[in-house]
Amino acid sequence: MTSRSHNAVYNAPIPPMLISPSRWLRVTCLLLAALLLTSPVAGAADWTGPEEQLAGKIAAVTGPGAIAFDITNRSSLSKAEVDDIRRGLLLQFALLGLHVVNAEQAAATIQVSLSEDLRSYVWVAEIHQGTNQPVVEMTSMPRPETPQVARETAGLTLRKTPLWTQEARILDAAVVDTDPAHLIVLDPNQVSLYRLQDSRWQPEQSLPITHSRSWPRDPRGRLLLRHDHLFDAYLPGVFCRSSAAAPLTLNCYPSDDPWPLGSDQFNLSAFFTPARNFFTGALAPGLGKQTTAPAFYSAALLPREKYTLGLFVAVDGELHLLDGMTDRAAGKLGWGSDIAGVKSNCGSGWQVLATRSGEGPNDSVRAYEFPDREPVAVSQPVDFVGSITALWAEAAGNSAIAVSHNAETGRYEAYRLSITCGQ
Amino acid sequence: MRRIALVLLAASSLLPAVMASAATRPRYGGILRVALRAAPTTLDPADLYQSDSPTRSNLSRLMFDTLVTLDSRGRPQPSLATSWQAEPGNQRWHFYLRPNVSFHDGTALTSDAVAASLRAANPNWKVFPTGDAVVIESDAPDADLPAQLALARNGIAKRDGRLLGTGPFAIADWQPGKMLTLAARDDYWGGRSFVDSVVIEMGKSYRDQMISLDLGKVDLIEVASGQARQAAAENRRIESSAPLELMCLLFTRAPQSSEEGRLRQALALSIDRASLNSVLLQGSGEVSGGLLPDWLTGYGFLFPAEVNLPQARQLRADLHQASPWTLGYDSADPLEGLIAERIALNARDVGIVLQLTSSNSPDVRLVRVPLASLDSGVALKMIAQALGIPFPALAGNSVHDLYVAENGLLESQRVIPLLYVRVAVGIGPTVRNWSARPDGIWPVQDVWLGAERP
């Protein structure tokens, strides 16, 4: 890990009006390319091994000679893949002295079925010779998980940039804007660091998280970049602090310290219930004169001219608005449990990103403003495949990290969400 | 020595796949109310005298952890054991225990307790405690041992007067055969469950269960085979497993002559499985000519399951006069009665007489055998054991070896597979995050209760 001492202020406020468009584009493209290159998108598979195996087993039964051959697909393989396999088997047959002819001229008839079980492709050859009972030969090979479907962002205002995907649950992630860029991924067992190299996130270091108590069943965690050391990680009942320079170390210890809410510019923290998945409602030091809120899942802070408006999604699903003096219940707006405040310099300058149920098991995130304490949607929803398991404002405040659990692949995916003007 | 489980894998497995139901985080609290048809009189996972049904297996998993679990693709994952390794030959295995796990009474899980529990469940195994591990020796190479340890019957229990497990719920009240109340453990190693308790009423008929669900008195019920589609059409929330209950005809003894073998073959060819499935089971199953379902093996299609009346009649015509067979079934299950009647009609079409009986010693019996594991090798062994057919030694671990073993079981002509049936449950409107698994395991630990309908 390189030091952050030079141009390494993480995610410094980079409103689109101030940032060079080419740099924004470069970072976005690099992040997108990194994800695409590191995600397990299925490419053209090499079937040579199983083709050799199955053809060899068939040839061992029939011996060289004339065969009739047919192939049936009973699996999730595509037509193109089946055609590839057919050609591969024909090639192997030729190498083994088997000549494919029509059924009337054949000494043996080979029916190959491309099937699959829970874990593997299963290729079955039924070999018919004369009036004998058919001989069955098989070969199998591991079947990949359902390939991930790469999705482009659809929103015009709310941008969704893919960062990382992995099988283990992602609690939070952060991009360190060094040269080269680094990605930090927090999961319940470790903090992983990746370096952007050749448009790929290359693993650089993994730091295990030591903890004595078991995690709750809906584990949450927050990663915050720091100026005097690289990052802090907040987990249920555990606090971890990294060292400042490479090689990084991570010191984790039991802690009930409050978790920072919002981005760096707000000096507000809240106590997290270590064996559950929500904040107790106790605030430190408080919002104006208010030091408690209802127990809540998430919060967003919106600066006003003379005060800060705090939005809290309570565990009963109701949204509470705290302005430092009063606690007003805004009702159940149909939002999900996770919200985050983001600074955009668009519109009123600050928006709230809120999760919401989408079609079927899929969630979406949408940006809202609070011109008069009532939310007004200011962006189209950005859809996710699966449910959103984390949404945190990034330390610099101008973007948020969303993590979704992809219902199709079973993998967790981290995205950066940011708002751009006028698109 | 082959190290199988990775530490990282072990650690990550602690975390359940809690998929928040559409943007809403799980909420803690509430009582999950369950109604069951079964009425077990003991909760001991090692008690082999009670039906090894999916329901009983699900009950057991609430209280008793296993050393290993299987994921939805049948791959062994760490549970009470964080890693394991086999010595060359796969006859001697070491399972390393998770630290800081306690039984429901607060006593620590030890290798002594694990060894004692596994010995009680498997009298033929040699199990030794060694520090923070247990060693299991078998008489023959056993590559499937980790998957076997994932069976509910191998749940780890302490039996010193009280029955204690390490699972997510502790027994709060137990009225054998009637009512079971379970309380969530705050100190569960895998994280506290979202619901505070589970109350299970037993011995309830399917009809009574459905009425209770409709009245909002329970949150989770069993749905009878063949009723799932109708129940869903009536706007109930129904979740079905993959087809995982084998329905088959089991002959009491091996065929005594080649003629009897051919008669059994004729019977197998006479049965219209597709009609049984579409008419009597309302399409809730899949026809099967094999003992394992095709979705688990990928080769099930090799075992013919189509009706073939000409061939059946030809086989029957080639034989001398055959005496009638008696066909037994569970007379308490109306569906089984209908299926038995339909099979008798099919048989009559080819000249085979089946007389329905409720006696305990029929010539052939309609039986149901649950798929005990998503590991195909273990599943086949358990099916053979349930049917009382000797399991042939596997030549290896390949899919072809499994096929040869299954073919061998079928060639014994003791059993005629008919169908694989889905297991369905009805779920109340406030139950959230119910993610159905192919093996029908209830995700109770991840379920939470919403205050209102979604």
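Please read these numbers as outputs of a predicted model, since none were measured by experiment.

Structural notes on the overall build of chain A
Okay, step 1: When helices and strands are counted, chain A shows three helices and 30 strands.
Okay, step 2: Every one of the 423 residues in chain A was classed for burial, and the buried ones make up 43%.
Okay, step 3: The contacts of chain A with a sequence gap of at least 6 include a subset with a gap of at least 24, amounting to 52%.

Quick notes on the environment of Leu97 of chain B
Residues and elements named next belong to chain B.
Okay, step 1: Tracing the backbone shows Leu97 in strand 6 (residues 92-97).
Okay, step 2: Through-space distance from the C-alpha of Leu97 to that of Val369 is 32 Å; in sequence the pair is 272 residues apart.
Okay, step 3: The contact partners of Leu97, leaving out residues within four places of it in the chain, are Leu80, Ala81, Leu109, Ser111, Val114, Asp132 and Ala133.

Focus: the packing of helix 2 (residues 48-62) of chain A against helix 3 (residues 79-95) of chain A
Residues and elements named next belong to chain A.
Okay, step 1: Running from N to C, helix 2 and helix 3 point in directions that differ by 50°, and their axes come no closer than 9 Å. The angle between helix 2 and helix 3 places the two elements in the oblique class. The handedness of the crossing between helix 2 and helix 3 comes out as right-handed. Contact residues: helix 2 offers Thr48, Glu51, Glu52, Leu54 and Ala55, while helix 3 offers Ile85, Gly88, Leu89, Gln92 and Phe93.

Overview of the sheet that holds strand 8 (residues 182-186) of chain A
Each strand in a sheet pairs with its neighbour through backbone hydrogen bonds, running either in the same direction (parallel) or in the opposite one (antiparallel).
Residues and elements named next belong to chain A.
Okay, step 1: Taken in spatial order, the four strands line up as 7-8-9-10 in an open sheet, and their pairing is antiparallel. In the strand order of this sheet, the two ends are held by strand 7 (172-176) and strand 10 (200-208), each with one partner. For this sheet, the mean inter-axis angle between neighbouring strands, taken without regard to orientation, is 20°.
Okay, step 2: Taken together, the eight bridges between strand 9 (residues 190-197) and strand 10 define a ladder with antiparallel strand orientation. In the sheet register, Arg195 faces strand 10, and the bridge partner there is Gln202.

Brief notes about the domain arrangement of chain A
Okay, step 1: Partitioning chain A into domains gives domain 1 (21-42 + 149-419) and domain 2 (48-142).
Okay, step 2: For domain 1 of chain A and domain 2 of chain A, the distance between their C-alpha centroids amounts to 52 Å.

Some words on the confidence of the model for chain A
Interpretation of the predicted coordinates at a detailed level should be avoided for regions scoring low in pLDDT.
Residue and element names in this part refer to chain A.
Okay, step 1: For chain A, the mean per-residue pLDDT works out to 83, and 85% of the residues sit at or above 70.
Okay, step 2: Within the model, pLDDT remains below 50 along residues 1-25, and this stretch shows 43 contacts once partners closer than five positions in the same chain are excluded.
Okay, step 3: Every residue in residues 146-156 scores below 50 in pLDDT, and together they form 27 contacts with partners more than four places removed in sequence or on other chains.

Description of helix 2 (residues 54-63) of chain B
Residue and element names in this part refer to chain B.
Okay, step 1: Within helix 2, 10 of the 10 residues are buried, which leaves it mostly tucked inside the rest of the structure.
Okay, step 2: Residues of helix 2 that are buried include every one of Pro54, Thr55, Arg56, Ser57, Asn58, Leu59, Ser60, Arg61, Leu62 and Met63, and no others.
Okay, step 3: On its buried face, helix 2 sits against strand 11 (169-175), strand 12 (179-184), strand 13 (197-201), strand 14 (220-223), strand 19 (364-370) and strand 20 (415-427).

Thoughts on helix 12 (residues 376-387) of chain B
Residue and element names in this part refer to chain B.
Okay, step 1: A rise of 1.5 Å per residue sets the reference length of helix 12, with its 12 residues, at 16 Å; its end C-alpha atoms lie 16 Å apart and thus fit the reference within 8%.
Okay, step 2: Every buried residue of helix 12 is accounted for by Ser376, Gly377, Val378, Ala379, Leu380, Met382, Ile383 and Ala384.
Okay, step 3: In this structure, the buried side of helix 12 is in contact with helix 4 (145-149), strand 15 (237-251), helix 9 (294-297), strand 19 and helix 13 (399-411).
Okay, step 4: After helix 12 finishes, the residue Gly388 shows a positive phi value of roughly 75°.

Observations regarding the domain arrangement of chain B
All names here are of chain B.
Okay, step 1: Taken as a whole, chain B is organised into domain 1 (2-219 + 428-449) and domain 2 (243-422).
Okay, step 2: Just the C-alpha atoms count here: the centres of domain 1 and domain 2 sit 31 Å apart.
Okay, step 3: Contact with domain 1, which involves 14 residues of that partner, is made by nine residues of domain 2.
Okay, step 4: A per-class count over the side of domain 1 that touches domain 2 returns seven nonpolar, four polar and three charged.

A closer look at the interface of chain A and chain B
Quite often, the size of an interface is put as the accessible area lost when its parts meet.
Okay, step 1: At the interface, 39 residues of chain A touch 40 residues of chain B.
Okay, step 2: Every element with two or more residues in the side of chain A that touches chain B is listed here: strand 3 (108-116), strand 4 (120-128), strand 5 (135-142), strand 23 (335-343), strand 24 (350-357) and strand 28 (387-393) of chain A.
Okay, step 3: The element contributing the most residues to the side of chain A that touches chain B is strand 5 of chain A, with four residues.
Okay, step 4: When the residues that make up the side of chain A that touches chain B are grouped by side-chain class, the tally is 15 nonpolar, 13 polar and 11 charged.

Things to note about the sheet that holds strand 30 (residues 412-419) of chain A
Residue and element names in this part refer to chain A.
Okay, step 1: Read across the sheet, four strands follow the order 6-30-29-28 without closing on themselves; strand pairing throughout is antiparallel. In this open sheet, the two edge strands, each paired with only one partner strand, are strand 6 (158-166) and strand 28. Here the average twist between neighbouring strands, direction ignored, is 25°.
Okay, step 2: Pairing geometry for strand 28 and strand 29 (residues 400-405), over six bridges, is antiparallel. In the sheet register, Ile388 faces strand 29, and the bridge partner there is Ser404.

A look at the nonpolar core
Okay, step 1: Judged by nonpolar contacts, the single largest core of 153 residues is most densely connected at Val198 and Ala379 of chain B.
Okay, step 2: Among the elements that line this core, the one with the most residues is strand 20 of chain B, at 10 residues.
Okay, step 3: Discounting residues that sit within four places of it in the chain, Val198 of chain B has contacts with Leu32, Val34, Leu62, Phe169, Leu182 and Val444 of chain B.
Okay, step 4: Judged by nonpolar contacts, the second largest core, of 80 residues, contains Trp164, Val175, Tyr194 and Ile419 of chain A.

Some details on the packing of helix 12 of chain B against helix 13 of chain B
Residues and elements named next belong to chain B.
Okay, step 1: Relative orientation of the contacting elements helix 12 and helix 13 amounts to 15°, with a least axis distance of 11 Å. Considering their axes alone, helix 12 and helix 13 lie roughly parallel with respect to each other. In this structure, helix 12 meets helix 13 at a crossing whose hand is left-handed. Of the residues in helix 13, those touching helix 12 at Ser376, Gly377, Leu380 and Ala384 are Leu402, Ala405, Glu406 and Leu409.
Okay, step 2: Here the residues of the contact of helix 12 with helix 13 are counted per class, giving five nonpolar, two polar and one charged.

Conventions used here
Residues numbered from 1 in each chain as written. Chains lettered and ligands numbered in written order. Predicted model: local features only at pLDDT ≥ 70, side-chain atom pairs only at ≥ 80, totals over all residues. Helix = DSSP H or I, 4+ residues; strand = E, 2+ residues; numbered from the N terminus. Buried ≥ 20, exposed ≤ 12 C-beta atoms within 10 Å, placed from the backbone. Contact = placed C-beta atoms within 7 Å. Axes fitted to C-alpha atoms, helices over the stretch in contact; angles between N-to-C directions. Parallel < 35°, antiparallel > 145°, perpendicular 65-115°, else oblique. Left-handed = near helix turned anticlockwise from the far one by under 90°. Pairing = 2+ DSSP bridges. Domains from an automatic or database assignment. pLDDT = per-residue confidence, 0-100. Expected span 1.5 Å × (residues − 1). Nonpolar A, V, L, I, M, F, W, Y, C, P; charged D, E, K, R; others polar. Core = buried A, V, L, I, M, F, W, Y, C linked by C-beta atoms within 7 Å.

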